[in-house]
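The chain contents come next:
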Amino acid sequence: MAGGRIRAKLRRSNLYTFACHRPHPTEEDKTDEIEGPGYSRIVHCNKPHIHEIKPLKYCTNYISTTKYNFLTFLPKAIFEQFRRVANLYFLLAAALSLTPVSPFGPMSMIAPLAFVVGLSMAKEALEDWRRFIQDMKVNLRKASVHKEGGVFGLKPWMKLRVGDIVKVEKDQFFPADLLLLSSSYEDGICYVETMNLDGETNLKVKRALEVTLSLDDDPTFEGFDATIRCEDPNPNLYTFVGKLDYNSRVHPLDPNQILLRDSKLRNTAYVYGVVIFTGHDSKVMQNATKSPSKRSRIEKQMDKIIYILFSFLVFISFISGVGFIVKTKNDLPHWWYLQVPDREGLFDPNKPLQSAFYHLVTALMLYGYLIPISLYVSIEVVKVLQAIFINQDLNMYDEESGTPAQARTSNLNEELGQVDTILSDKTGTLTCNQMDFLKCSIAGTAYGTRASDVELAAAKQMVMDMDGQGQNGNGNFSEKNGHEFAGPEIQLETVITSKDEDAINNKNPIKGFSFEDSRLMNGNWFKEPNENNILLFFRILSLCHTAIPEQNQETGVFTYEAESPDEGAFLVAAREFGFEFCKRTQSSVFVREKYPSSQEPTEREFKVLALLDFTSKRKRMSVIIRDEKDQILLLCKGADSIIFDRLSKNGRMYEEATRKHLNEYGEAGLRTLALAYKKLSEEEYSTWNDEFTKAKTSFGADREANLERVSDLMEKDLILVGATAVEDKLQKGVPQCIDKLAQAGLKIWVLTGDKMETAINIGFACSLLRQGMRQICISSNLDAIVQDCRQAAKEDILQQITNGTEMIKVEKDPHAAFALIIDGKTLTYALEDDMKHHFLNLAIECASVICCRVSPKQKALVTRLVKEGTGKITLAIGDGANDVGMIQEADIGVGISGCEGMQAVMASDFAIAEFQFLERLLVVHGHWCYKRIAQMICYFFYKNIAFGLTIFYFEAFAGFSGQSVYDDWYMLLFNVVLTSLPVISLGVFEQDVDSEVCLQFPALYQQGPKNLFFDWQRIFGWMANGLYTSLVIFFLNIVIFYDQAFRLEGQTADMVAVGTAMMTCVIWAVNVQIALTMSHFTWIQHFLISGSITMWYLFLLVYGEMAYSLRVNAFRVLIEILAPAPIYWSTTLLVTVLCNLPYLAHISFQRSFKPLDHHIIQEIKYSRKDIEDGHMWSRERSKARQKTKIGFTARVDAKIRQLKGRLQKKYSTMSTCHHPIGQQQT
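Residues numbered from 1 in each chain as written. Predicted model: local features only at pLDDT ≥ 70, side-chain atom pairs only at ≥ 80, totals over all residues. Heavy atoms only, no water.

A.B. asks: I keep staring at the overall build of the protein chain and nothing clicks. Help me out?
C.D. replies: For the protein chain, the count of helices and strands is 40 helices and 33 strands. Residues counted as buried form 57% of the 1226 residues belonging to the protein chain. Looking at the protein chain alone, contacts between residues at least 24 apart form 75% of all its contacts between residues at least 6 apart. (Helix = DSSP H or I, 4+ residues; strand = E, 2+ residues; numbered from the N terminus. Buried < 20%, exposed > 50% of the residue type's maximum accessible area, 1.4 Å probe, protein only. Contact = heavy atoms within 4.5 Å.)

A.B. asks: Looking at this structure, I do not really get empty space enclosed by the protein. What am I missing?
C.D. replies: Over the atoms a probe the size of a water molecule is rolled, and this reveals where empty space is left. Scanning the model with the defined rule gives six cavities of 30 Å³ or more in all. Around the largest cavity sit 14 residues that line it, and Glu-80, Arg-84, Glu-124, Glu-299 and Asn-411 are the ones nearest its centre. Going through the elements one at a time, helix 2 (73-81) and helix 4 (106-139) are the ones with two or more residues in the lining of the largest cavity. For the lining of the largest cavity, the element with the highest residue contribution is helix 4, accounting for three residues. (1 Å grid on protein atoms, 1.4 Å probe; cavity = no way out; pocket = protein on both sides within 12 Å on 5 of 7 lines; lining within 4 Å. Points joined across faces, edges and corners; volume = space filled by probe spheres on them.)

A.B. asks: In this structure, what is going on with the pattern of salt bridges? I would like to understand it.
C.D. replies: Tallied over the full model, the rule gives 50 salt bridges. The partner of Lys-47 in a salt bridge is Asp-225, and the shortest N-O contact between them spans 3.4 Å. Of this pair, Lys-47 sits in the loop between strand 1 (41-45) and helix 2 while Asp-225 sits in the loop between strand 7 (204-207) and strand 8 (226-230), and the two are 178 residues apart along the sequence. For Lys-47, a relative accessible area of 30% corresponds to the partly exposed category. What makes Asp-225 partly exposed here is its relative accessible area of 40%. Among the salt bridges present, the one from Glu-715 reaches Arg-620, with a minimum N-O distance of 2.7 Å. Here Glu-715, found in the loop between helix 17 (703-714) and strand 26 (719-730), pairs with Arg-620, found in strand 23 (residues 620-626); they are 95 residues apart in sequence, far enough to count as distant. This pair shows no difference in class: Glu-715 is buried, exactly as Arg-620 is. Here the salt bridges share partners, and the residues they tie into one network are Arg-295, Glu-299, Asp-303, Lys-383 and Glu-414. (Salt bridge = Lys/Arg side-chain N within 4 Å of Asp/Glu carboxyl O.)

A.B. asks: Explain the sheet that holds strand 13 (residues 270-277) to me, please; I cannot follow it from the model alone.
C.D. replies: In any sheet, the strands associate via hydrogen bonds between backbone groups, in a parallel or an antiparallel arrangement. Read across the open sheet, the six strands follow the order 3-2-4-13-5-11; overall the sheet is antiparallel. Every other strand in the sheet has two partners, leaving strand 3 (151-156) and strand 11 (258-259) as the edge strands with one partner each. Strand direction decides the pairing type here: strand 5 (residues 177-183) and strand 13, joined by six bridges, are antiparallel. Within strand 13, the residue paired with Leu-179 across the bridge is Val-274. (Pairing = 2+ DSSP bridges.)

A.B. asks: Got a minute to help me understand helix 23 (residues 836-845) in this structure?
C.D. replies: Counting along an α-helix, one turn takes 3.6 residues, and residues three or four places apart therefore face a common direction. Along helix 23, the residues classified as buried are Phe-839, Leu-840, Leu-842 and Ala-843. Each buried residue of helix 23 lies within a common arc of 165° when the element is viewed along its axis, so the set occupies one face. (Arc of directions from axis to C-beta.)

A.B. asks: Please explain the UniProt feature "binding site: Mg(2+)" (unreviewed entry) in the protein chain as it appears in this structure.
C.D. replies: Here the UniProt-annotated "binding site: Mg(2+)" (unreviewed entry) positions come out as Asp-425, Thr-427, Asp-879 and Asp-883. As for its placement among the helices and strands, Asp-879 is situated in the loop between strand 31 (873-878) and helix 25 (884-889). Looking at Asp-883, the relative accessible area reads 0%, which means it is buried. Residues contacting Asp-883, with those up to four places away along its chain left out, are Asp-425, Lys-859 and Gly-878. Polar contacts involving the side chain of Asp-883 include one to the side chain of Lys-859, which spans 2.6 Å. (UniProt positions renumbered as here; feature names shortened; annotations may be inferred. Polar contact = N/O pair within 3.5 Å; in protein donor to acceptor, adjacent residues only side chain to side chain.)

A.B. asks: So what exactly am I meant to see when it comes to the confidence of the model for the protein chain here?
C.D. replies: Do not read the fine detail of predicted coordinates wherever pLDDT is low. Residues of the protein chain with pLDDT of at least 70 account for 82%, and the chain-wide mean is 81. Under a pLDDT of 50 for its full length, residues 1-10 has, in the predicted model, 18 contacts with residues more than four places off or in other chains. Between residues 16-33, whose pLDDT stays under 50, and residues either more than four places distant or in other chains, the model counts 45 contacts. (pLDDT = per-residue confidence, 0-100.)

A.B. asks: Could you clarify how one ought to interpret helix 24 (residues 856-870) in this entry?
C.D. replies: Helix length check: helix 24, at 15 residues, gives a terminal C-alpha distance of 21 Å against a target of 21 Å (1.5 Å per residue), a fit within 8%. When we look at burial in helix 24, the residues that qualify are Pro-856, Gln-858, Lys-859, Ala-860, Val-862, Thr-863, Leu-865, Val-866 and Lys-867. Positive phi appears at Gly-871, one or two residues downstream of helix 24, with a value of about 70°. (Expected span 1.5 Å × (residues − 1).)

A.B. asks: Which parts of the structure should I look at to understand the packing of aromatic side chains?
C.D. replies: Any two aromatic rings considered together are summarised by their centre-to-centre distance and by the angle between their planes. Under the defined criterion, the tally for this structure stands at 48 aromatic pairs. Ring geometry for Phe-952 versus Tyr-953: centroids 6.1 Å apart, planes at 55°, classification tilted. Neither residue differs from the other here; Phe-952 and Tyr-953 are each classed as buried. Clustering of aromatic rings is evident, with ring pairs tying together Phe-437, Phe-513, Phe-515, Trp-525, Phe-526, Phe-537, Phe-538, Phe-570, Phe-577 and Phe-579. Above the ring of Tyr-270, the side-chain terminus of Lys-167 is found at 5.0 Å from the ring centroid. (Phe/Tyr/Trp six-rings, centres within 6.5 Å; stacked < 30°, edge-to-face > 60°. Lys NZ or Arg CZ within 6 Å of the ring centre and 35° of its normal.)

A.B. asks: Help me understand the nonpolar core in this model?
C.D. replies: Across soluble globular proteins, nonpolar side chains show a tendency to be buried alongside one another. Counting 105 residues, the largest nonpolar core has Tyr-966 and Trp-1096 as the members making the most contacts within it. The element best represented in this core is helix 27 (residues 917-957), accounting for 17 residues. Composition of this core by domain shows at least three residues from each of domain 1 (62-141) and domain 5 (924-1167). Dropping the residues within four chain positions of it, Trp-1096 is found in contact with Tyr-970, Leu-978, Thr-1060, Met-1063, Thr-1064, Ile-1067 and Tyr-1128. Counting residues in each nonpolar core, the second largest holds 58 residues, with Ala-387, Val-734, Leu-741 and Phe-917 among its members. (Core = buried A, V, L, I, M, F, W, Y, C linked by side-chain atoms within 4.5 Å. Domains from an automatic or database assignment.)

A.B. asks: Before we go on, may I ask you to explain the environment of Ile-379 in this structure?
C.D. replies: Relative to the helices and strands, Ile-379 is located in helix 9 (residues 374-391). For Ile-379, a relative accessible area of 6% puts it in the buried group. Along the sequence, Ile-379 and Val-983 sit 604 residues apart, while their C-alpha atoms lie 9.6 Å from each other. If we ignore the near neighbours within four places in the chain, the residues touching Ile-379 are Met-302, Met-936 and Ile-937.

A.B. asks: Any chance you could explain a nonpolar patch on the surface here in plain terms?
C.D. replies: On the surface, Leu-1098, Leu-1101, Val-1102, Met-1106 and Ile-1119 cluster together into a nonpolar patch covering about 430 Å² of accessible area. By residue number, the principal contributor to the nonpolar patch is helix 33 (residues 1083-1105), which donates three residues. Structurally, Ile-1119 is set in helix 35 (residues 1117-1122). (Patch = residues over 30% accessible without salt bridge, like charges linked within 9 Å, V, L, I, M, F, W, Y side chains within 5 Å. Areas by Shrake-Rupley, 256 points an atom, 1.4 Å probe, with all protein chains shown as cover.)

A.B. asks: Even after reading the chapter, I still don't get the sheet that holds strand 6 (residues 189-193), so can you show me in this structure?
C.D. replies: In space, the three strands of this open sheet follow the order 7-6-12, with antiparallel pairing throughout. Unpaired on one side and paired on the other, strand 7 and strand 12 (264-266) mark the two borders of the sheet. Strand-to-strand, the axes of this sheet are offset by a mean angle of 45°, without reference to chain direction. In this sheet, strand 12 lies alongside strand 6 in antiparallel orientation, the contact comprising three bridges. The partner of Val-192 across the bridge, within strand 12, is Leu-265. (Axes fitted to C-alpha atoms, helices over the stretch in contact; angles between N-to-C directions.)

A.B. asks: Mind showing me how you'd approach the pairing of strand 3 here?
C.D. replies: Strand residues, when the strand is regular, have side chains that alternate between the two faces of the sheet. One ladder, built from six bridges, connects strand 2 (residues 142-148) with strand 3; its direction is antiparallel. When the sheet's bridge partners are listed, Glu-148 is paired in strand 3 with Val-151. The hairpin formed by strand 2 and strand 3 contains two residues between the paired strands, and Gly-149 there has a positive phi angle of roughly 65°.

A.B. asks: Looking at this model, I keep getting lost on the environment of Phe-1020. Mind explaining?
C.D. replies: Inspection of the secondary structure assignment puts Phe-1020 in helix 31 (residues 1016-1041). Taking relative accessible area as the criterion, Phe-1020 reaches 40% and is therefore assigned partly exposed. Separated by 78 residues in sequence, Phe-1020 and Tyr-942 have C-alpha atoms that sit 9.5 Å apart.

A.B. asks: Hey, could you run me through the packing of helix 23 against helix 24 in this one?
C.D. replies: In a pair of packed helices, the angle between the axes and the distance between the axes together describe the arrangement. Closest axis-to-axis distance for the helix 23/helix 24 pair is 11 Å, and the angle between their directions is 80°. Between helix 23 and helix 24, the angle falls in the class roughly perpendicular. Only Leu-865, Val-866, Gly-869 and Thr-870 of helix 24 make contact with helix 23, whose side of the interface consists of Lys-836, Phe-839, Leu-840 and Ile-844. Looking at the contact of helix 23 with helix 24 residue by residue, the class counts come to five nonpolar, two polar and one charged. (Parallel < 35°, antiparallel > 145°, perpendicular 65-115°, else oblique. Nonpolar A, V, L, I, M, F, W, Y, C, P; charged D, E, K, R; others polar.)

A.B. asks: For this particular structure, what's the right way to read unusual backbone geometry?
C.D. replies: Excluding glycine, residues mostly have negative phi values, and the peptide bonds linking residues are mostly trans. In this model, Ser-248 sits at a positive phi of 65°, which is unusual for a non-glycine residue. Structurally, the position occupied by Ser-248 is in the loop between strand 9 (242-246) and strand 10 (249-253). Even without a glycine there, the phi angle at Asn-1011 is positive, about 55°. Within the element layout of this structure, Asn-1011 appears in the loop between helix 30 (995-1000) and helix 31.

A.B. asks: How do you make sense of the packing of helix 27 against helix 31 when you look at a structure like this?
C.D. replies: It is at 8 Å that the axes of helix 27 and helix 31 come closest, and there the two elements cross at 40°. Along this stretch, helix 27 crosses helix 31, giving a crossing that reads as right-handed. Of the residues in helix 31, those touching helix 27 at Cys-938, Tyr-939, Tyr-942, Ile-945, Ala-946, Leu-949, Thr-950, Tyr-953, Phe-954 and Phe-957 are Ile-1019, Trp-1022, Met-1023, Asn-1025, Gly-1026, Leu-1027, Thr-1029, Ser-1030, Leu-1031, Ile-1033, Phe-1034 and Ile-1038. Within the contact of helix 27 with helix 31, the residues separate by chemical class into 17 nonpolar, five polar and no charged. (Left-handed = near helix turned anticlockwise from the far one by under 90°.)

Printed below as a string of structure tokens:
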């Protein structure tokens, strides 16, 4: 494209003051020798084969984020399975089942264990295979690589080698860490987007060495030969030390020449580079950590329960052993019919201790049903099914990208319901890198009538509050007074907004421009009394920037490649106001200005004399231009605090009004900048320019300081023109999502590589910060760091942390909110062992925390500090390679899959397309999964205790003989068939409330972080319930069947009849119990619960007809023995009722006198009060949110308090004015 060719010929370095100037080489320039540990890497350019053999055998460009490979899968997966305590126990039991002491056959122990472990390993393999597939998508991307003879061809990323020459074109990712050789610009400049690495959206300028600029075409690489000596692989993204040996000269290398893997080429047609670091040696992969093996808190707590049960198992086995000693020593010699001692020596009255030991082993296996082996496999099945429901949720499906939610691992489903702190990346996660020009203040007059989201929500809520107060009659103001005073202030925003919405609906929205005000649009600004200031304002917008215009050949409309979204929004605004930036040359900027008096726009040329670019330290940007009238002007834009300090006495005419507007814009959540100018004489400019040129061409450690000093000399005595207010376009639904998460009681931290100002502005846009919130900014003394006075710097930071903590302690206002803001350099000290807990304590006390300029490693370290320091569950969410460390370090890692780059997704546990889906993932699926898994596990232990203890009671009843009351087949089928499916349905389908109610009552989520359904009180309560059930089942059956006839023929019950009757009672009791536990029934639950009971009777019918039943004395046990006896059915009914009566009484009492939140909601929904009484439903909804000081709701509440304060003040003033008159009349 012609435009692209013209743009490519610009010598872009002339535009940059600080970042990109290349000093002229001097005789004094020397390259220090790079040697010693950490600086041993040698790269032979254009000779990749050399690096495939020793001693220079470097790693390939293949990357892997999987947990396992072909060789390690079996040992690592088996280790993972036997980290589980229960599996270890059953492995030991399976080994013992091969010995004579076993009360069961070997297959009854080995088969279930093999099935459980095999199924779990298969699930792990499937999940890791998915990670492998995503890795391969990256590894198989194509790159253009020099083959030979100046010919380039495509090669997969994984086949790249150190030394390869690579050509990367616009909007492509760099496949490895490259040394920039040349670019499409003649002076070797290229623009790089590092959003995936450090989260910054503004483009970075990289520059090639002058000596390699001639390598700007494919054929020039035919004979290219050079050697690079540089640092070894390391995780430091912002440093690089090396030297290039080319044409018998050595040239120093620095980070300006390095293009990092996974960053992106922007605004540059192409670049050539040589591969320095590949694969896991690249800096982005050095920042990654190995995929950790994560286990949920509930699973870890479940291990503790199994320890308790195992201890109890050993205890009752010991009792059984003692009882066996007594029986063996005293009674066994008299029982001659038992033929003791036996051939195996298991029962020998002469060796009671030896026999007791054998019996102890038998008892340990016999009572093993206390520890449910099927628990783990049932949980695995449930979690996989839960993950499928998450994947299939259409409310988390992104239609634009066609991306569904993805549970990449199902091990952590229940953790989603227990999150305490969310640590979020900013760029690409919260923001979509788009600004909209919304309002402005020019010469003390405010323009822009559209209300921001905050203003609109506050006005609507205020009206609702006033209406509610009028209806209830208990407001602070009477209905008349309230509306009398509130009307104008609220009407202003609601009415105007409705007009704006009508206007917007009638035309296509313009990206980056949401401004509405007829006074400035369509040339009407020319009629304003301050048109000269407005003209200057528009010119500052169109001239003070470093953007590049690109014209759409079809529409003729210009778009802009800007270093920041703010610049892009200003240029779009200027274009819409009639000042269209259309061309940039080496020394000029061209703007098409359209005045009302002329039909066609006039193209004006402005000479660019100097540009003082924006840095985070300067917080401003200036351009010196010469207009067509030969007038020299300095145009400046920057943070209002910086600009106001630099105004001249005569330039403060509009300061008071502008400050008022800026405060209003800030309260409305808008990002603001102040605009100013000053006129320069030729002599003034010439004198300054000589000094500026001298500072610019100097070379040394003080170059930056000199440039800063000279720039300060120019940027003073300014005249204020006005201010801008842009709305930061967050990703769709982000403010609402953050608001809902805040109402759910979650804490939200933002960790970003972006500069502090940008991070703060995003905090305001997300409502993590708001006007009136007190900011505790902790920063390090740069000079102290330069002088290496580490101790002094640490003491200073510690003092700042202490002061912040004290400030919070002494605060009396209950509505006061604090925000902690800290940068990466300071964080380096704050994360050291002797200071990190002070930092964490301060951070916990703050409503929101923003860490900016942090490296990927620091993100991971902060995440670890929060996780370990608070002991609570953390969730990290991000979209780029720079977020991988914190995603892997957090208890739960969530990757944004809708953005560029898949590194975050590949390292994550869950993937979603947009941040807004996090609300549903946590508040709905997290809440459900936590309660389902918690209730399922508690119920599992309940039913196994209820069943297992009856075996112990009977064994004691039968003289500690090791005899089980149940048939082997009964015990095998109990967990596998007879009770497994209802408990799985509980874990998959249970809902205390539906998804809409979860979102309407976010405070329900706190049941997870507070662990209400899996605390020790509830666990022991279920265990006690199991103990009670076992006692009722065993002793009632024994009492009823022991010594009375139970059939018409007068027969008494034998062991088979008692065991079958007892098992029937167990099946009925535990299935009725799970029915009482469930809150949500579908036909599936009804079918599975009734089906389990039916299955028991069908099994007895079939089993009684089998030949095997003759050997165990169970022939037609149901049809002929039990079914004809009324006492069998009446016993089943009596035992079932008595077993479940305490639980029924408990839940009845709890719902009546101490209901939980979901109990109240269930009652309201059941009685249809949510439909019949909307006011009550709304009142309950307003109660059901955690008190929070962040989020949109908190911001609206603050705005309402502010408006009410104004109304109260007005009311008080009017009352005071009327009071003296009343006195006079009296």
